[in-house]
Amino acid sequence: MNRHLLSAGDLDRATAVDILDTAERLDHALAGREVKKLPPLRGRTVVNLFYEDSTRTRTSFELAAKRLSADVVNFSAKGSSVSKGESLKDTALTLEAMGSDAVVVRHSYSGAAHRLAEWVHGSVINAGDGTHEHPTQALLDAFTMRRRLRGGEGDLAGLRVVIVGDVLHSRVARSNVLLLATLGASVTLVAPPTLLPVGVDAWPAATGFDLDAVLPASDVVMMLRVQRERMTESYFPSAREYARRYGLDARRMAMLHDDAIVMHPGPMNRGMEIAAEVADDPKRSTIVEQVTNGVSVRMAVLYLLLGGADE
Ligand code: CP
C-alpha cells in the first residue's frame, strides 16, 4: 500500500483484494478470543481527527486501532483550539509533535485529507472529506458484498450493483463507484437528474432514472442518505415524492431476485430513501453487518499502512 489512503481510486485490484483478504484474516484471528486484541501495532499512535460528526467511522477506527494494540487519541474540533481559530495544518502538526503515526481525518471540505497528507510525516487516512470520498466505507461495502455473494474470496467481477439517491452530495457513492469498477463490478447510478453531479458521464458507471426498471437484474441495491444538511436549494418537490420515486419499500424489495442484498452506509432517513421494513429485513438488509465489517476492514487498513505486516 501507499503511505496514505486518500481515495478509493488510488487502489489497484491487487491492493484492494489484499486489504479485503487481510480483513478476513484479522477477523478470523480474533474470532472466539475472549480478549479481542492482537499485538501488531503496539507502540504506535493513531489520531482520530474529526471536524465533522460521525458515529460509525470514528468509533470503528477507534476499535480497530485498539484491537491492534495501538494507542488512540480522539480529537474532535468541537471543544478544541479550533474554536480559537487554529488551522487544520497547525492542529495536525501539533498532534504529530506528540508522536502520532497515523491521522484519520474527517472534514467538511473536499480535499482536506489530501492537503493534510502534504503537511504530516505519518500516514493519513481519509475518513470522509466533504462530498468527495470515503474510501474505507467503499472497502467495507466491498467486503460485505464479497462475503455475502462471493464466499469471501477474490474480486467482484460481474456483480451488478445499483446505487440509488443523492449521488450529488455522496462521498460514499464516488468511492464505491471507483472501487467497484476496480474490482470488476458493473455499477448503475439511479437518481433524480438534479441529484447527479456534473461530469457523472465520465464515471465508470451507467446512469438511469427508473428504479423499478433496474431492480430485477441487480445483485446489490445500495441506498444513499438524502443529505439535507448539504442542500442549499430544492432538489425535489417533497420528501413524499422522493420516497415514491426513489425510495426502497417492500413492494420494490419484492422485485429483487432471491439472493440480492440491500445496503445503506448509514445514518438512514427511515421512511424516505428506505422503508423501516426494508432496513430491518433479516434476509436482505446488510446494514448492521456493514457496521461490524467496518471494524475488520479498518483494522486491515491500519495494519497495512503502519507496517504491521513487517512485524
Ligand atoms: N457511514 C458513515 O460514514 O457513518 P458516520 O457518519 O456515522 O461515520
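The shown structure was predicted, so the numbers you read here are calculated from the model rather than taken from an experiment.

So, how was this worked out
Residues numbered from 1 in each chain as written. Predicted model: local features only at pLDDT ≥ 70, side-chain atom pairs only at ≥ 80, totals over all residues. Heavy atoms only, no water. Near = heavy atom within 4 Å. Polar contact = N/O pair within 3.5 Å; in protein donor to acceptor, adjacent residues only side chain to side chain. Areas by Shrake-Rupley, 256 points an atom, 1.4 Å probe, with all protein chains shown as cover. Nonpolar A, V, L, I, M, F, W, Y, C, P; charged D, E, K, R; others polar. Buried < 20%, exposed > 50% of the residue type's maximum accessible area, 1.4 Å probe, protein only. Helix = DSSP H or I, 4+ residues; strand = E, 2+ residues; numbered from the N terminus. Pairing = 2+ DSSP bridges. Right-handed = clockwise from strand over helix to strand, strands pointing away. Phe/Tyr/Trp six-rings, centres within 6.5 Å; stacked < 30°, edge-to-face > 60°. Expected span 1.5 Å × (residues − 1). Arc of directions from axis to C-beta. Contact = heavy atoms within 4.5 Å.

### A short note on the site of the ligand
- Lining the immediate surroundings of the ligand are S54, T55, R56, T57, R106, H134, Q137, P265 and G266.
- Here an oxygen atom of the ligand sits 2.8 Å away from a polar atom, N or O, in the main chain of T55.
- Separating an oxygen atom of the ligand from a side-chain N or O atom of T57 is a distance of 2.6 Å.
- Relative to its unbound accessible surface of 260 Å², the ligand loses 91% to contact with the protein.
- When its residues are assigned to classes, the shell around the ligand shows 1 nonpolar, 6 polar and 2 charged.

### Focus: the pairing of strand 3 (residues 102–107)
- A large share of strand 3 lies buried, amounting to 6 of its 6 residues.
- Burial of the side chains of strand 3 extends over both faces: A102, V104 and R106 are buried on one face and V103, V105 and H107 on the other.
- Here strand 1 (residues 45–50) pairs with strand 3 via 5 bridges, running parallel. Counterpart to L49 in the pairing with strand 3 is V105.

### Re the pairing of strand 5 (residues 160–164)
- Of all 5 residues in strand 5, 4 are buried; the element is thus mostly enclosed.
- Pairing geometry for strand 5 and strand 6 (residues 186–190), over 5 bridges, is parallel. Bridge pairing in strand 6 links V164 to V190.
- As for the winding sense of the linkage, the β-α-β connection from strand 5 through helix 6 (residues 171–182) to strand 6 is right-handed.

### Observations concerning unusual backbone geometry
- A cis geometry characterises the amide bond from G266 onward to P267, with omega recorded as -10 degrees.
- Examined against the element boundaries, P267 turns out to sit in the loop between strand 9 (261–263) and helix 10 (276–279).
- A positive phi is found at S69, a non-glycine position, where the angle reads about 70 degrees.
- By secondary structure assignment, the location of S69 is in the loop between helix 2 (56–67) and strand 2 (71–76).
- We classify S69 as buried; its relative accessible area is 16%.

### Here's the deal with the packing of aromatic side chains
- All told, the structure shown has 3 aromatic pairs when counted by the stated rule.
- Here Y51 and F75 contribute two aromatic rings whose centre-to-centre distance is 6.2 Å and whose plane-to-plane angle is 45 degrees, an arrangement assigned as tilted. Here Y51 is found in the loop between strand 1 and helix 2, whereas its partner F75 is found in strand 2, with 24 residues between them in sequence.
- Here F75 falls in the buried class, since its relative accessible area comes to 15%.
- Ring pairing ties together the aromatic residues F236, Y242 and Y246, which thus form one cluster.

### As for helix 2
- Taking 1.5 Å per residue, 12 residues should reach 16 Å; helix 2 reaches 16 Å between its end C-alpha atoms and fits that length.
- Considered for burial, the residues of helix 2 that qualify are T57, S60, F61, A64 and A65. Mapping the buried residues of helix 2 onto a view down its axis gives an arc of 135 degrees, with all of them on the same face.
- Where helix 2 is buried, its residues touch strand 1, strand 2, strand 3, strand 4 (123–129), helix 5 (135–150) and helix 11 (287–305).
- At the C-terminal side of helix 2, S69 shows a positive phi close to 70 degrees.

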